[in-house]
Amino acid sequence: GRQVSHYWYNNDFAMARQSTVMVIRDGLIFMGILSLLALVINVFANLYPFKFLWLVYAYAFSIGILLLFSAVFHPLKERWAITVAFVIATGLSLYLHLFTDLKTYYTHWIGIWTAIALMVGYLLWFFKRKVKQTKKFSRATSKSAAMVYRNHRYFIYGFFFFLFIFIDRFLAWSTTADGALPYMVYYEKNYEVGMDIAIIIFFLLVGVLEFSISSFSTFSDMFQRQFAFNQAKEFNKKSLKLYWQHVSILLITAVVMIAVMYTIIWSRLGYEKAFGEALDPISIKVSLIGGVGYVLLAWGMLNSLYLFTLSKPTKPLNAIIIATVVNFVIGMIASRLISYEYSAVGMLVGSVVFMWLTLRATLKFFKNLHPA
C-alpha cells in the first residue's frame, strides 16, 4: 500500500498500476516460498497430517490474496470498494450456509474468492480509466530492491504486530493441564472463544483509528496554513489537543464496546442464546483480560499511526518488537507456572508496554513539531 501511494500522490497512475501488480506478485511468491518451506520441514519432522496442512494453506493463500488486494485500495482512496466487496461476499457465504448443503469450508472459500474477484474487477476498470485520463506517462521503473528498501520497516512492523496478536494463542495451545497434547500446537476451544470475544473490541476500534488518522492529516494541513513559522508553540499545542481528542474518542468507544462484550458474555440473548450453552469460566476470564489488552493495543496503534503519518516509523517498530518479546516471556512464564489461560496476561502486559513506548514517542515528537 505504501509503495502504491508513492506514485499515486504524484499522479503517476501508470506506475501506481505497475507497483500494484508488483506488490501482489511479490506477495504471492513470498507466501509460496514460506508454504513450500513449511511442507519440506513437515516431511522430515512429521508435525501435522498433510491433509490438515493443505486445508491450512487453502485458507492462508485465500486470505493472503484477499489482504493483498485490500491493501492497495487504501492509498488509492477507494476504501469503499473493500466494504462493498466484503458485504456482498459475506452475504453470499451466509446464503450458502443457511440455504444450501455445502460444507463450511466451501462457503468460506466461495465468499473469499467472490470478494477477491470483485476487487480485481474494480481495480482493472479503475486503473484503465485513470491511466487513460493521464496525459503524462512515467518512464521510471519500479525495482523490487528499491521497494524493499523504502518499505522494509513497515513490513517488519506488520510482521511483529500480527505475531504479537497471535503469540498468546500459540502459548496457550502448546500446553495443557490435562496431559500431553496430540500435536505441538493444538486448538483449545475455551481459550479461543474468550479471545474471539475480546478481539471484537479491537476490530470495532479500527474504525476509530482510521477516522483519527484521516482527521489528523486534514487538520495538520489546516494548522500549517493557520500558523506562521514563528508560532511553533501554538501549533504544537493545537496538534496535541487534537491528539488527546482522538484518544478520548477511542477510550469512549472502547467503554461502549466493553459494554457490548459484557452483554455477549452474560446476557441471555448473548453467547448462551446463540450456542445453547453457557460460557466456560476460563473463556470469561480470558475475554476480560484480553479485552483490556486489546483496548491498550488499539491506543498503541493510534500512536503508531500518528508516527507513521509523520514519517517516523522507527519508534513504533522498536516498540512492537520490545512488546512482542515481553508478550512472549510473560505469557510463557504465566502459562507454564500458573495455567495455560494466563498466556493472555502476556498479551495484556505487552500491550501496556507497546502503548506506553509509543505514547512517550508521540508526545515527545509533538513537543518539537513546527508549522513550517
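Residues numbered from 1 in each chain as written. Predicted model: local features only at pLDDT ≥ 70, side-chain atom pairs only at ≥ 80, totals over all residues. Heavy atoms only, no water.

Running from amino to carboxyl end, helix 11 (residues 314-337) crosses helix 12 (residues 343-366) at an angle of 160 degrees, the nearest separation of the two axes being 7 Å. With respect to helix 12, the axis of helix 11 lies roughly antiparallel. Taken as a pair, helix 11 and helix 12 cross one another with a handedness that is right-handed. For the pair helix 11 and helix 12, contact is made by Lys-315, Pro-316, Ala-319, Ile-320, Ile-322, Ala-323, Val-326, Asn-327, Ile-330, Gly-331 and Ser-335 and by Ser-343, Val-345, Gly-346, Met-347, Val-349, Gly-350, Val-353, Phe-354, Leu-357, Thr-358 and Ala-361, respectively. Residue classes in the contact of helix 11 with helix 12 are distributed as 14 nonpolar, seven polar and one charged. (Axes fitted to C-alpha atoms, helices over the stretch in contact; angles between N-to-C directions. Helix = DSSP H or I, 4+ residues; strand = E, 2+ residues; numbered from the N terminus. Parallel < 35°, antiparallel > 145°, perpendicular 65-115°, else oblique. Left-handed = near helix turned anticlockwise from the far one by under 90°. Contact = heavy atoms within 4.5 Å. Nonpolar A, V, L, I, M, F, W, Y, C, P; charged D, E, K, R; others polar.)

This next bit is on the packing of aromatic side chains. Applying the stated rule across the entire model yields 23 aromatic pairs. Here the aromatic cluster, defined as three or more aromatic residues joined through ring pairs, consists of Tyr-154, Tyr-157, Phe-161, Phe-162, Phe-202, Phe-203, Tyr-294 and Phe-308. (Phe/Tyr/Trp six-rings, centres within 6.5 Å; stacked < 30°, edge-to-face > 60°.)

As a further point, take helix 4 (residues 80-99). With 20 residues, helix 4 should reach 28 Å at 1.5 Å per residue; the first-to-last C-alpha distance of 28 Å fits that figure. Taken together, the buried positions of helix 4 are occupied by Ala-81, Ile-82, Ala-85, Ala-89, Ser-93 and Leu-96. Looking down the long axis of helix 4, one finds its buried residues gathered within 100 degrees of arc, a one-sided arrangement. Away from its buried face by more than 90 degrees, helix 4 exposes Val-87, Leu-98 and Phe-99. (Expected span 1.5 Å × (residues − 1). Buried < 20%, exposed > 50% of the residue type's maximum accessible area, 1.4 Å probe, protein only. Arc of directions from axis to C-beta.)

Evaluated as defined, the whole model comprises four salt bridges. The partner of Lys-285 in a salt bridge is Glu-341, and the shortest N-O contact between them spans 3.2 Å. Within this pair, whereas Lys-285 is found in helix 10 (residues 281-309), its partner Glu-341 is found in the loop between helix 11 and helix 12, the two being separated by 56 residues in sequence. The partly exposed category is assigned to Lys-285, whose relative accessible area is 29%. When salt bridges that share partners are traced, they join Arg-169, Glu-192 and Asp-196 into one network. (Salt bridge = Lys/Arg side-chain N within 4 Å of Asp/Glu carboxyl O.)

Low pLDDT marks stretches whose predicted atomic positions should not be read closely. Per-residue pLDDT for the chain averages 82, and the proportion of residues at 70 or more is 83%. Mean pLDDT values over the elements of the chain span from 67, in helix 1 (residues 2-8), up to 93, in helix 11. (pLDDT = per-residue confidence, 0-100.)

Our next topic: the nonpolar core. What tends to happen in soluble globular proteins is that the nonpolar side chains get buried as a cluster. In this structure, Phe-202 and Tyr-294 are the most contacted members of the largest nonpolar core, which totals 55 residues. Going through the elements one at a time, helix 6 (144-173), helix 7 (189-226), helix 8 (232-266), helix 10, helix 11 and helix 12 are the ones with two or more residues in this core. When residues no more than four places from it in sequence are discounted, the contact partners of Phe-202 are Phe-161, Ile-165, Tyr-294, Leu-297, Ala-298 and Met-301. Core analysis: the next-biggest nonpolar cluster, separate from the first, contains 23 residues, Val-23, Phe-73, Tyr-122 and Phe-127 among them. (Core = buried A, V, L, I, M, F, W, Y, C linked by side-chain atoms within 4.5 Å.)

Orientation of helix 3 (residues 50-73) relative to helix 4, taken along the N-to-C sense of each, is 145 degrees, at an axis distance of 8 Å. Two secondary-structure elements touch here, helix 3 through Leu-66, Ser-70 and Phe-73 and helix 4 through Ala-81, Ile-82 and Phe-86. Across the contact of helix 3 with helix 4, the residue classes tally to five nonpolar, one polar and no charged.

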